[in-house]
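Inside the fold
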Amino acid sequence: MGSDKEREREIAESRAASESTRRVKVPALEEILYSPLAVLDQGFVRVVDYMGDDGAVVQAARVSYGRGTRKVSEDKGLIHYLMRHRHSTPFEMCEIKFHVKLPIFVARQWIRHRTANVNEYSARYSILDNEFYIPGPAQLAAQSASNRQGRGDVLEGEEAARVLGMMKADSQRQYDHYADMLNENEGGDAVDAGKRGLARELARMSLTLNFYTQWYWKIDLHNLMHFLSLRADPHAQYEIRVYADAMLEVMKRWVPLCHEAFVQHRLHAVTLSAGAIAVVKRLLGGEAVTQATSGLGKREWIELQAALELKG
Ligand SMILES: Cc1cc2nc3c(=O)[nH]c(=O)nc-3n(C[C@H](O)[C@H](O)[C@H](O)COP(=O)(O)OP(=O)(O)OC[C@H]3O[C@@H](n4cnc5c(N)ncnc54)[C@H](O)[C@@H]3O)c2cc1C
């Protein structure tokens, strides 16, 4: 996939180059353009290109509203209004392109987001690097007893050490077999001239899901926010969430007004059903409502209690 040194050289070259343009530039994003933001033990996310800024969203919205140039405070109000009312097309006017290095099991979750343009590193064409993800001690958790899709307490002591040892040994063994089956070194030469080596598209089958892959991922701001609302969320698996968290920081640099409105009206907002709103009205009226009298199902009642920080 190109050595780290090669990539560092390419990044330094890209960052050293500068072109004048009449297009909109966002200084805070320019500061980190091309630079990898470290995620997990060997992954990263870096911005390689972008189009538009907060102003592009406002400009597009004003076409539909037929309004002239306004002040920043009015831009902010307009962006919050668009976000609140799910008037989404102005947000599609901004685009961003990321280069991401991520474990294959994270890529499997990520690729479910179908509205991006993706180009992945080809393990049919090139040899995968000997790079695999091993969770840090704080992430090495047991299966959650209450949530079938989640984690419980962190494993400790001998059990943690044993699990980590197995993960590392399995991954390394699989990579050794992969390299052996390919019979090819990084330069593309045969390791053993007497062997033909298995095709790369077949040898890769034996690798474990924690091996790193890479892709370019381009998306518009509206769909990026949809991705972030699902993946920068406590319900998302930690290993994809940390990528979403890094991208949320990128978004803050790129489109600060949209970021603020997104956090306010989407990421940290809660949708209440008609039944839940009726319960809130009763609570505000001083009535002691229980799950039995709420008319809500148990799960929704628990979620409402959590959202309103009500004591059970
Ligand atoms: C916490 C969590 C747990 C999950 N668990 C599972 C699981 O157990 N099993 C599993 O299979 N998946 C699981 N998923 C994946 C989930 O079901 C979605 O596939 C994923 O979040 C992508 O969402 P999306 O389709 O809205 O996104 P995108 O693909 O980005 O689509 C955005 C929106 O565009 C529209 N759209 C895009 N393409 C189409 C299309 N072809 N047809 C119709 N509408 C389209 C839809 O309105 C969609 O909401 C999980 C996701 C999360 C966040």
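Not measured: the values here are computed from a predicted model. (Residues numbered from 1 in each chain as written. Predicted model: local features only at pLDDT ≥ 70, side-chain atom pairs only at ≥ 80, totals over all residues. Heavy atoms only, no water.)

To continue, consider the overall build of the protein. The helix and strand tally for the protein stands at 13 helices and seven strands. Projected onto the principal axes, the alpha-carbon positions of the protein cover approximately 85 × 60 × 30 Å. Taken across its 312 residues, the protein has 38% of its residues classed as buried. Looking at the protein alone, contacts between residues at least 24 apart form 68% of all its contacts between residues at least 6 apart. Accessible surface computed for the protein: about 18,800 Å², of which carbon and sulfur atoms make up 50%. The centroid of the 41 positive side-chain charges in the protein is displaced by 7 Å from the centroid of its 41 negative side-chain charges. (Helix = DSSP H or I, 4+ residues; strand = E, 2+ residues; numbered from the N terminus. Buried < 20%, exposed > 50% of the residue type's maximum accessible area, 1.4 Å probe, protein only. Contact = heavy atoms within 4.5 Å. Areas by Shrake-Rupley, 256 points an atom, 1.4 Å probe, with all protein chains shown as cover. Lys, Arg positive; Asp, Glu negative; His and termini not counted. Charge placed at Lys NZ, Arg CZ, Asp CG, Glu CD.)

Let us now look at the packing of aromatic side chains. Overall, the coordinates contain 10 aromatic pairs when judged by the stated rule. Plain terms: the ring middles of Tyr175 and Tyr178 are 5.4 Å apart, the flat faces sit at 55 degrees to each other, and that makes the pair tilted. Pair noted here: Tyr175 and Tyr178 are both in helix H6 (residues 157-182), with a separation of three residues, about one helical turn. In this pair, the class of Tyr175 matches that of Tyr178, namely buried. By the ring-pair criterion, three or more aromatic residues cluster together here, those being Phe98, Trp110, Trp215, Trp217, Phe227 and Tyr243. (Phe/Tyr/Trp six-rings, centres within 6.5 Å; stacked < 30°, edge-to-face > 60°.)

Now for helix H9 (residues 238-254). Over its 17 residues, H9 extends 24 Å from the first C-alpha to the last, a length consistent with the 24 Å expected when each residue adds 1.5 Å. For H9, every residue scored as buried is listed here: Glu239, Ile240, Val242, Tyr243, Ala244, Ala246, Met247, Leu248, Val250, Met251 and Trp254. (Expected span 1.5 Å × (residues − 1).)

With antiparallel pairing, the five strands of this open sheet are ordered in space as E1-E2-E3-E7-E4. Whereas interior strands pair on both sides, the edge strands pair on one side only; in this sheet they are strand E1 (37-39) and strand E4 (117-120). With strand direction ignored, the average angle separating the axes of adjacent strands in the sheet is 25 degrees. Bridge count for E1 against strand E2 (residues 43-51) is three bridges, and the pairing is antiparallel. Residue pairing for E2: Ala38 is matched across the bridge by Phe44. The sheet contacts of helix H8 (residues 221-231) involve strand E3 (95-103) and strand E7 (212-220), and relative to E7 the element is tilted by about 130 degrees. (Pairing = 2+ DSSP bridges. Axes fitted to C-alpha atoms, helices over the stretch in contact; angles between N-to-C directions.)

With that settled, consider a nonpolar patch on the surface. Taken together, Leu198, Leu202 and Met205 make up a surface patch of nonpolar side chains, about 290 Å² in accessible area. The residue Leu202 is located in helix H7 (residues 200-203) in this model. (Patch = residues over 30% accessible without salt bridge, like charges linked within 9 Å, V, L, I, M, F, W, Y side chains within 5 Å. Salt bridge = Lys/Arg side-chain N within 4 Å of Asp/Glu carboxyl O.)

Moving on: the environment of Glu95. Here Glu95 lies in strand E3. Separated by 158 residues in sequence, Glu95 and Arg253 place their C-alpha atoms 14 Å apart. In this structure, Glu95 is in contact with Tyr50, Met51, Lys218, Ile219, Asp220 and Trp254, ignoring residues within four places of it in sequence. In terms of polar contacts, Glu95 uses its side chain to reach the side chain of Lys218, at 3.1 Å. (Polar contact = N/O pair within 3.5 Å; in protein donor to acceptor, adjacent residues only side chain to side chain.)

Further remarks concern the packing of H8 against helix H10 (residues 256-267). Closest axis-to-axis distance for the H8/H10 pair is 11 Å, and the angle between their directions is 45 degrees. Viewed along their axes, H8 and H10 adopt a mutual orientation that is oblique. Seen from above, H8 lies across H10 with right-handed handedness. Mapping the contact onto sequence places Leu221, Met225, His226, Leu228 and Ser229 in H8 and Cys258, Phe262, Arg266 and Leu267 in H10. For the contact of H8 with H10, the residue count by class is six nonpolar, two polar and one charged. (Parallel < 35°, antiparallel > 145°, perpendicular 65-115°, else oblique. Left-handed = near helix turned anticlockwise from the far one by under 90°. Nonpolar A, V, L, I, M, F, W, Y, C, P; charged D, E, K, R; others polar.)

The next thing to look at is the nonpolar core. Side chains that are nonpolar tend, in soluble globular proteins, to be buried together. By size, the foremost hydrophobic cluster in this structure holds 56 residues, and its most contacted members are Ile96, Phe98, Trp110, Trp217, Leu221, Leu224 and Trp254. At 10 residues, H9 tops the list of elements feeding residues into this core. Aside from chain neighbours lying at most four places away, what touches Trp254 is Val26, Leu29, Tyr50, Met51, Gly52, Asp53, Cys94, Glu95, Ile96, Leu221 and Leu224. Counting residues in hydrophobic clusters, the runner-up holds 16 residues, among them Leu164, Ala203, Leu207 and Phe211. (Core = buried A, V, L, I, M, F, W, Y, C linked by side-chain atoms within 4.5 Å.)

These figures capture arrangement, not role.
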